[in-house]
Amino acid sequence: MFAERARGRSVGSLARELNDRGVPCPSDADQSRNSHQSGGRWIDGSTAPSG
């Protein structure tokens, strides 16, 4: 994911691919830590680097 982003791929495109592949999003992987998120899908903000 990081290499793809460094090559200029959009965050939205990465999120769509993760959803298409059925990769669990952070809120699905640990619902107790991510109770503010629902829906079980990757969104642009969940793939964007923080910092």
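The model shown is predicted, which means the values in this text are computed figures rather than measured ones. (Residues numbered from 1 in each chain as written. Predicted model: local features only at pLDDT ≥ 70, side-chain atom pairs only at ≥ 80, totals over all residues. Heavy atoms only, no water.)

S.K.: For this particular structure, what's the right way to read the confidence of the model for the chain?
M.R.: Regions with low pLDDT carry predicted coordinates that are not meant to be interpreted in detail. Considering every residue of the chain, the mean pLDDT works out to 78; 67% of them sit at 70 or more. By mean pLDDT, helix H4 (residues 44–47) is the weakest element of the chain at 60, and helix H1 (residues 2–6) is the strongest at 93. (pLDDT = per-residue confidence, 0-100. Helix = DSSP H or I, 4+ residues; strand = E, 2+ residues; numbered from the N terminus.)

S.K.: When you look at the environment of Arg-16 in this model, what are you seeing that I'm missing?
M.R.: Counting through the fold element by element, Arg-16 comes out in helix H2 (residues 11–21). Sequence spacing of Arg-16 and Asp-44 is 28 residues, and the spatial spacing of their C-alpha atoms is 8.8 Å.

S.K.: Could you clarify how one ought to interpret the side chain of Asn-19 in this entry?
M.R.: Looking at the secondary structure, you find Asn-19 in helix H2. Engagement of the side chain of Asn-19 in a polar contact is seen with the backbone nitrogen of Trp-42, the distance being 2.7 Å. Setting aside residues up to four positions removed in sequence, Asn-19 forms contacts with Arg-41 and Trp-42. (Polar contact = N/O pair within 3.5 Å; in protein donor to acceptor, adjacent residues only side chain to side chain. Contact = heavy atoms within 4.5 Å.)

S.K.: For this particular structure, what's the right way to read the pattern of salt bridges?
M.R.: Pairs can form between side chains of opposite charge once their charged atoms are near each other. In total, this model carries 4 salt bridges according to the counting rule given. Across the pair Glu-4 and Arg-9 runs a salt bridge, and its minimum N-O distance is 3.6 Å. Here Glu-4 falls in the partly exposed class, since its relative accessible area comes to 28%. Via salt bridges that share partners, Glu-4, Arg-7, Arg-9, Glu-17 and Arg-21 belong to a single interconnected network. (Salt bridge = Lys/Arg side-chain N within 4 Å of Asp/Glu carboxyl O. Buried < 20%, exposed > 50% of the residue type's maximum accessible area, 1.4 Å probe, protein only.)

S.K.: Before we go on, may I ask you to explain H2 in this structure?
M.R.: Three or four residues apart is the spacing at which side chains of an α-helix point the same way, because the helix has 3.6 residues per turn. Listed as buried for H2 are Val-11, Gly-12, Leu-14, Ala-15, Leu-18 and Asn-19. Viewed end-on, H2 has its buried residues packed into an arc of 160°, placing them on one side of the element. Structural note: H2 exposes Arg-16, Asp-20 and Arg-21 on the side pointing more than 90 degrees away from its buried face. Just downstream of H2 lies Gly-22, where phi reads positive at about 80°. (Arc of directions from axis to C-beta.)

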